[in-house]
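Spelled out from the first residue to the last, the chains are:
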Amino acid sequence: GLGCDRYNHVSDAASLRAIAELTGLGGFRGCFSVHGQPWEFYLSCLAHIRTRQSFRSVLAGSIAAAGKGFFGASAESAIAVGPRVQEGECFLWPLMPVFWAFDVDIVAKRSMIVSWVRGATNVIGLKLALDEGRSATNLRDVEELPRHMDFRC
């Protein structure tokens with residue numbers, strides 16, 4: 001969901017830019033919220049995963065906490081996300097349980113990462129390929145969303 005990648009230093013503006021670019025390329029397929037009956041299915045899937053692995057995904061925890069109504073970066077929100085997150089590290093909002101769908105071929109063509117990691121055969125090779133690709137690329141500075149007061153009608 002939108003905002004989940006903030007924990008990994010991806011800004012909401014960058015996510016929205018990517019959605020706009022993929023839409024322009026014909027790759028946007030729609031979005032849906034997991035609230036209601038899909039919400040119960042999502043939580044049951046998450047519970048199933050958690051019985052089989054010790055790793056706790058910040059992304060999955062953020063979606064679950066936001067879907068339960070947590071908002072902001074409070075200590076309560078951090079506890080709801082999971083043990084890897086401290087107060088102020090993750091900002092929750094109601095757009096996190098909205099899932100976005102894209103044409104995987106169009107996403108792959110747009111992605112620099114796909115070409116960087118194509119030959120990786122294990123996790124260590126993947127990490128090395130990502131680090132090498134990032135170091136050879138001039139990445140954009142973190143983009144911020146415009147402030148409301150700057151664009152009032």
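In the block above lies the structure referred to throughout.
Residues numbered from 1 in each chain as written. Predicted model: local features only at pLDDT ≥ 70, side-chain atom pairs only at ≥ 80, totals over all residues. Heavy atoms only, no water.

A. Representation of the environment of phenylalanine 91 in the model. Positionally, phenylalanine 91 belongs in the loop between helix 4 (75–81) and strand 2 (98–102). On the accessibility criterion, phenylalanine 91 (35% relative accessible area) is partly exposed. Distance in space between the C-alpha atoms of phenylalanine 91 and alanine 66 is 9.4 Å, their sequence separation being 25 residues. Those residues in contact with phenylalanine 91 that lie beyond four places of it in its chain are Arg6, Phe71, Gly72, Ala73 and Met96. (Helix = DSSP H or I, 4+ residues; strand = E, 2+ residues; numbered from the N terminus. Buried < 20%, exposed > 50% of the residue type's maximum accessible area, 1.4 Å probe, protein only. Contact = heavy atoms within 4.5 Å.)

B. Local environment of empty space enclosed by the protein. Applying the stated criterion to the full structure yields 1 cavity of 30 Å³ or more. What the largest cavity holds in volume is close to 30 Å³. In terms of lining, the largest cavity is formed by Arg50, Arg56, Ser57, Val58, Val81, Gly82, Pro83 and Arg84. Residues that form the lining of the largest cavity fall into these classes: 3 nonpolar, 2 polar and 3 charged. (1 Å grid on protein atoms, 1.4 Å probe; cavity = no way out; pocket = protein on both sides within 12 Å on 5 of 7 lines; lining within 4 Å. Points joined across faces, edges and corners; volume = space filled by probe spheres on them. Nonpolar A, V, L, I, M, F, W, Y, C, P; charged D, E, K, R; others polar.)

C. Up close: helix 7 (residues 123–135). In this model helix 7 runs 18 Å from its N-terminal to its C-terminal C-alpha over 13 residues, within 8% of the 18 Å that 1.5 Å per residue would give. Of all the positions in helix 7, only Ala129, Leu130 and Gly133 are classed as buried. All buried residues of helix 7 project into a common sector of 100° when viewed along the axis, lining one side. Seen from the buried face of helix 7, the exposed residues on the opposite side, beyond 90 degrees, are Ile124, Leu128, Glu132 and Ser135. On its buried side, helix 7 packs onto helix 6 (112–117). Looking at where helix 7 begins, the residue whose side-chain oxygen comes 3.1 Å from the main-chain nitrogen of isoleucine 124 is asparagine 122. (Expected span 1.5 Å × (residues − 1). Arc of directions from axis to C-beta. Polar contact = N/O pair within 3.5 Å; in protein donor to acceptor, adjacent residues only side chain to side chain.)

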